[in-house]
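Breakdown of the fold
In case you want the letters, here they are:
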Amino acid sequence: MADNSYSWPKAEETSALGKRVNRIDGVEKASGRAKYTYDIQLPKQLIARALGCPHAHCKIVSIDTSVAEKVPGVVHVHVFEKAKPGSEIQWQGELIAAIAAESDGAAVEGLSKLKIQYEMLEVFVDDANLAAAQAANRATKGGGKEQTEREPGDDDDEKEFVTAEFARLFKESKYVIDGFYGIDAITHCCLEPHGATVAWNGDKLLAYLSTQNVSGTDEQFADGLKIAADDVEVRCEHIGGGFGSKFAPDYWGVAAAEISRATGRPVKLMLDRDQELKIAGNRPSAYLKVKLGADANGVIQVWDSEHWTSGGATGGGVPHNGVIPYVFEPKNYRRSQINIQTNLGPQRAWRAPNHPQACAITHTAIDDLAARMGADSMDIFLRNLGTDDARRIGGAKPSVYRAEIELAAKLMDWKAKWHPHGKGAAKGSVVDGLGLAIHTWGGGANDSNCNLKIHPDGSVETFCGTQDLGVGTRTAIALVLSETLGIPYTGIKVNLGSSKLPVSGPSGGSTTIGGVSESHRRAATDALAKIGDLVAKKLGVAADTLVAANSRIGVKGQPDKSLSWKEACNLIGMRPLEVTGSFKRGTPSPLSNSTVGGVQMAHVLVDKDTGVVKINKFVAVQDMGLVVARKQAESQIYGAIIMGIASALFEQRIADRASGAFLNSELRDYKLARLGDIGDIVVEIYEPESERSRGVIGLGEPPVISPGAAISNAVANALGVRVPVLPLTPQRVLEALQKAGRA
Amino acid sequence: MTESTIKGPGDPGFSRRDFLRGSGAVAAATALQTHAAAANQEGQAAGPAIVRGETTITLQVNGESKKVTVEPRTTLLEVLRTQLDLTGAKPISHDGSSGGSTVMIDGKPMSASTLLAVALVGKKIQTVESLGGPKPDAVVKAFVEHDALQCGFCTPGFVMAVRAFLDKHPQATEAEIRGGLNGNICRCGTYANIIQAAIAVVKGGK
Ligand code: FES
């Protein structure tokens, strides 16, 4: 049962919620005062650097640390458990040893003096090449599913029935598309690498950790160090990037604590740039072959796909279940998955896990259907949505997508810009094109607890074991408290980023804003009720006639029957009023919800002579329920699109087939979008009352999903030729043109 | 079975970063002998030699004289971060390809990660912290107003890059801004907001 004692004010009655405000830690961050894990400098601290394995697949035969130990300034040499002689290393960059020293230079010099013997083993990194993976014995079946609208009869052999059904459906289809699509792996590439700065105080550990999970990593440290979780405090005031890869201390974080214990000095161990890219997480690649059949209207009747995917050395990858084909749910489908195991670092959940890849390898097929029909892609997407009563999609409602597509088309001026695939007017060698894609995500509220303190002098602070990944969590919390208590958001102190604070869930899957809004709205509503009782008594009015607004509590419309916020708080007594707020994930609540839809459209310019793709304009329309911190929400959508542009056009992990080396693991080679690459981006939050009234829903994941497919479709529209695999590098564009005889 | 000496030219693990930071410092060190009075050389036989020895120098940082102790291989970034508690400049890439450690040397934007501290005696070093304080610089204010930061790790470097660019081009157009700030990387994707912030600073005439 939903707990209806809490609610949000109506849109026209809000004072803080959904307003456009500056983030409360903005100046601190922009002027370099904010302290990140990498910035923590403790007295007598040692600096540790780690050596990554230069080989992608090998056995460690021996390690001689004796020369390294004698390097001036070197204090301690730590050999990682997984690199002890006899161990097998499965990917390049895996850490072998760490050296703690008095200076960075000494640590690096020490690493250069380690003598290690390796026995080389066979390497496989070619995840795009299914035949090669099968030949190398690196491909395994990852499951699949088939579904037909018609049921087999009692006497039918099920397998034969399905085969016959698919044959019939394809035969009856007006249009049949045979396609191949893919998207290469990218890394998390957090600008603050993974790592920790740690210190022991007796048998208690203080760990500054770059983490998305302050409330959960204390236990993980404790497990690794065989101590009690109570004896660990994890702190993270600011984190330099976390997109799903920073939920654990990792073995190198635990090693920092071990080195610190052994030397009796604080230790900082952060990964180097190339180690960050090689071992600290990547987004799996995915490649798909599909045959789809559609009726005369372009409505998909049958989908038959096989995809292969690689999550690196530890297996895994993009599952078929739930995301293939993406959003759209044809009545007849068959899909199967193959996992490819490589000698590359293991995957970690990357923003909207699996969705961006699934969108990129399936919404491209739908666009190719439009191209084949000579139809407007937008119309084909619309026709495949179905209606709210007869849905052809999962996730958000068809009516939400319809409204969003209409809005996006207006912002893009789609109808005026549209031309059939490959039929636009060229300006010299440059052609333009339009593309779209749609996406969905859950984003339900995570667990969250907070302790709200209202002091007798009127000051307000909250304590919550959550973290601010840069999305503006502090600001959002302050806005919720401001709205509820009727005081300015700027004076509210938000304490977060420590495992000693009331437990809140990890920030992953767009769950933080829902969680912290729940706990804080509840705590502040309860606190206000308590203060209201005191004020009512003092003024001699009924408590239920009171409202809190403009830093006053009183009877609405009767200024003489009111107290200032400060006067009201004075009534609390000597000790501050403390109220806890709690929310448990999955509890039905009028304050938060899940499942959103979004639409994105790209307009690109492609130079056929050079193969260079430029974003001209990009439009994103996004539903996110009720907006808490509007400016920061918009920033997050801008950011997601820019990240999406990077992986659509530039970003890829490149591995050498012979050695398995990750060739572009430094930022000069690992190509990300730069400021001049983004074109004009238009962000529109879709927040009609029907969506706002659902409550708060997370935003981190959804807008990062569609850019790849939208941009690929725009390029296909420009060229009349599909460039099958993302990123759409100039080389790939030229190759596709050449293959199609259009160069 | 193969044996591999780690981090020598030709090894997969070798990079320019290592050259700058450790084993290869000998080349740069030749020019630094005069500063590093206590320098001595060793390890001639196996690979490049290391010049070591600490020396105390005085740097002009944000208008103040600061005494710091450095080795020939110590970068400005390391000095700022570990001895002067100026951690605004960030260690994002060693080779300057991210712009994360951007500072101004005699008014010119440079990556502190690629500068050796001993080479900077007598130069005016300005860090992002000088743009903060109770009355923040117009660029800092515009970044906050236009929410041109998310995680904020790239932000100090970007603030310095924008400040330096607008010092040189106070009337910059939007096209010039888009063309002139491509030395910095932001992973969170704050570029659209940064463009707006820079335009606002130009409009405000600061
Ligand atoms: S704000 Fe996070 S890297 Fe730029």
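Residues numbered from 1 in each chain as written. Chains lettered and ligands numbered in written order. Predicted model: local features only at pLDDT ≥ 70, side-chain atom pairs only at ≥ 80, totals over all residues. Heavy atoms only, no water.

1. A closer look at the overall build of chain A
Secondary structure summary: chain A contains 19 helices and 29 strands in total. In terms of overall size, chain A behaves like a compact globule, its C-alpha atoms giving a radius of gyration of 28 Å where 743 residues would be expected to give roughly 27 Å. Principal-axis analysis of the C-alpha atoms places the extent of chain A at approximately 80 × 75 × 65 Å. Per-residue burial over chain A gives 63% buried out of 743 residues. If you average the places of the 83 positive and of the 87 negative side-chain charges in chain A, the two averages end up 3 Å apart. (Helix = DSSP H or I, 4+ residues; strand = E, 2+ residues; numbered from the N terminus. Rg over C-alpha atoms; globule rule 2.2 N^0.38 Å. Buried < 20%, exposed > 50% of the residue type's maximum accessible area, 1.4 Å probe, protein only. Lys, Arg positive; Asp, Glu negative; His and termini not counted. Charge placed at Lys NZ, Arg CZ, Asp CG, Glu CD.)

2. Section: the overall build of chain B
Counting its regular elements, chain B contains seven helices and eight strands. For chain B, contacts bridging at least 24 residues in sequence account for 51% of all contacts bridging at least 6. Accessible surface, chain B as shown: approximately 8300 Å² in total, 53% of it carbon and sulfur. (Contact = heavy atoms within 4.5 Å. Areas by Shrake-Rupley, 256 points an atom, 1.4 Å probe, with all protein chains shown as cover.)

3. What about the packing of aromatic side chains?
Residue and element names in this part refer to chain A. Evaluated as defined, the whole model comprises nine aromatic pairs over all chains. The interplanar angle of 75° and the centroid separation of 5.0 Å between the aromatic rings of Tyr251 and Trp252 together place this pair among those described as edge-to-face. The buried category is assigned to Trp252, whose relative accessible area is 1%. A ring pair is formed by Trp414 and Trp418, whose centres lie 5.5 Å apart and whose planes are at 15°; its orientation type is stacked. The buried category is assigned to Trp414, whose relative accessible area is 0%. What makes Trp418 buried here is its relative accessible area of 16%. The structure contains a cluster of three or more aromatic residues connected by ring pairs, namely Phe80, Tyr251 and Trp252. Note that Lys291 overlies the ring of Phe170, its terminal NZ or CZ placed 4.5 Å from the centroid. (Phe/Tyr/Trp six-rings, centres within 6.5 Å; stacked < 30°, edge-to-face > 60°. Lys NZ or Arg CZ within 6 Å of the ring centre and 35° of its normal.)

4. Quick notes on the sheet that holds strand β27 (residues 613-623) of chain A
Residue and element names in this part refer to chain A. A sheet is described by the order of its strands in space; here four strands give the open sequence β18-β26-β27-β28, paired in mixed fashion. The strands lining the two open edges of the sheet, one partner per strand, are β18 (430-441) and β28 (680-686). With strand direction ignored, the average angle separating the axes of adjacent strands in the sheet is 10°. Where β18 meets strand β26 (residues 596-607), 12 bridges bridge the pair, whose relative direction is antiparallel. Looking at β26, one finds that Val430 is bridged to Asp607. Here helix α11 (residues 398-412) sits on the sheet in contact with β18, β26, β27 and β28, set at roughly 30° to β26. The sheet contacts of helix α16 (residues 630-649) involve β26, β27 and β28, and relative to β28 the element is tilted by about 130°. (Pairing = 2+ DSSP bridges. Axes fitted to C-alpha atoms, helices over the stretch in contact; angles between N-to-C directions.)

5. Structural notes on the nonpolar core
Formed by 152 residues in total, the largest nonpolar core has its most connected members in Met601 and Ile711 of chain A together with Phe143 of chain B. At 10 residues, the largest contribution of residues to this core is made by α16 of chain A. The residues that make up this core include at least three from each of domain 2 (37-122 + 194-270) and domain 3 (282-443 + 593-739) of chain A. Within the second largest apolar cluster, 46 residues are counted, among which are Trp8, Leu481, Val516 and Ala527 of chain A. (Core = buried A, V, L, I, M, F, W, Y, C linked by side-chain atoms within 4.5 Å. Domains from an automatic or database assignment.)

6. Description of the domain arrangement of chain A
Residues and elements named next belong to chain A. Assigned domains of chain A: these are domain 1 (11-33 + 445-583), domain 2 (37-122 + 194-270) and domain 3 (282-443 + 593-739). Listed per partner, the contact involves 23 residues of domain 1 and 20 residues of domain 3. For the domain 1 and domain 3 pair, buried surface summed over both sides reaches about 1600 Å², with 52% attributable to carbon and sulfur atoms. Of all residues in domain 1, the largest losses of buried area upon contact with domain 3 belong to Gly18, Arg20 and Ser510, amounting jointly to 34% of the total for that side. Arg20 serves as the salt-bridge partner of Glu634, at 2.4 Å between the closest nitrogen and oxygen. Connecting domain 1 to domain 3 are 11 residue pairs in polar contact (both at pLDDT 80 or more). Looking at the side of domain 1 that touches domain 3, the elements with two or more residues in it are α13 (473-485) and α14 (512-539). In terms of residue count, the dominant contributor to the side of domain 1 that touches domain 3 is α13 (four residues). Residue composition of the side of domain 1 that touches domain 3, grouped by class: 10 nonpolar, 10 polar and three charged. (Buried area = accessible area lost by both parts, 1.4 Å probe. Salt bridge = Lys/Arg side-chain N within 4 Å of Asp/Glu carboxyl O. Polar contact = N/O pair within 3.5 Å; in protein donor to acceptor, adjacent residues only side chain to side chain. Nonpolar A, V, L, I, M, F, W, Y, C, P; charged D, E, K, R; others polar.)

7. With respect to unusual backbone geometry
All names here are of chain A. Residue Pro325 is reached from Ile324 by a cis peptide bond, and omega for that bond is -15°. One can find Pro325 in the loop between β16 (300-312) and β17 (332-341). Cis peptide bonds are those with omega within 30 degrees of zero, and the linkage from Leu726 to Pro727 qualifies with 0°. By the secondary structure assignment, Pro727 is in the loop between β29 (725-726) and α19 (730-739). In this structure, Val327 is a non-glycine residue whose phi angle is positive, near 65°. Note on placement: Val327 falls in the loop between β16 and β17. Using a relative accessible area of 5% as the deciding quantity, one classes Val327 as buried. Within the chain, Ala352 stands out as a residue other than glycine whose phi angle is a positive 55°.

8. Description of the interface of chain A and chain B
Interfaces are often sized by the accessible area lost when the parts come together. Chain A puts 70 residues into the contact, and the matching count from chain B is 69 residues. For the pairing of chain A and chain B, the buried interface totals around 5900 Å² over both sides, and the portion due to carbon and sulfur atoms is 54%. Among the residues chain A hides against chain B, the three largest losses belong to Leu191, Arg674 and Leu675 of chain A. Together they make up 14% of the total. Remark: the boundary between chain A and chain B carries nine salt bridges. Across the contact surface, chain A and chain B share 33 residue pairs in polar contact (both at pLDDT 80 or more). Residue assignment for the side of chain A that touches chain B shows that the elements contributing at least two residues are α1 (26-30), β1 (46-52), α3 (104-112), β6 (115-120), β9 (186-187), α8 (273-279) and α16 of chain A. Partitioning the side of chain A that touches chain B into residue classes produces 30 nonpolar, 22 polar and 18 charged.

9. Describing the side chain of Glu276 of chain A
Here Glu276 of chain A lies in helix α8. Of the side chains with opposite charge, Arg273 of chain A comes closest to the buried, unpaired Glu276 of chain A, at an N-O distance of 5.2 Å.

10. Thoughts on the packing of α13 of chain A against α14 of chain A
Residues and elements named next belong to chain A. For the pair α13 and α14, interaxial distance at closest approach is 9 Å and the crossing angle is 30°. Comparing the axis directions of α13 and α14 gives the class roughly parallel. Crossing of α13 over α14 shows right-handed handedness. Counting all contacts with α13, which are made through Thr473, Ala476, Ile477, Val480, Leu481, Glu483, Thr484 and Leu485, the residues of α14 involved are Thr512, Ile513, Val516, Ser517, His520, Arg521, Ala524, Thr525 and Leu528. (Parallel < 35°, antiparallel > 145°, perpendicular 65-115°, else oblique. Left-handed = near helix turned anticlockwise from the far one by under 90°.)

11. Looking at α19 of chain A
All names here are of chain A. Among all positions of α19, only Val733, Ala736 and Leu737 are buried. Burial along α19 is one-sided: seen end-on, the buried residues are contained in an arc of 100°. What points out from α19, more than 90 degrees from its buried face, is the exposed set Gln731, Gln738 and Lys739. Its buried side turned inward, α19 meets β26, β27 and α18 (707-719). (Arc of directions from axis to C-beta.)

12. Describing the sheet that holds strand β21 (residues 493-495) of chain A
Residues and elements named next belong to chain A. With mixed pairing, four strands are arranged side by side in an open sheet as β21-β20-β19-β25. What marks the edges here is a single partner per strand, and that holds for β21 and β25 (577-583). Pairs of neighbouring strands in the sheet enclose a mean axial angle of 20°, with direction left out of account. Direction of pairing for strand β19 (residues 448-454) relative to β25: antiparallel, over a ladder of seven bridges. By the bridge assignment, Cys450 is partnered in β25 with Gly581. Its contacts with the sheet place α14 against β19, β20 (460-464) and β25, and it is angled at close to 145° to β25.

13. Observations regarding the side chain of Asp304 of chain A
All names here are of chain A. Looking at the secondary structure, you find Asp304 in strand β16. In terms of polar contacts, Asp304 uses its side chain to reach the side chain of Arg334, at 3.0 Å. Ignoring any residue separated from it by four or fewer positions in sequence, one finds Asp304 in contact with Phe166, Phe170, Lys289, Val290, Lys291 and Arg334.

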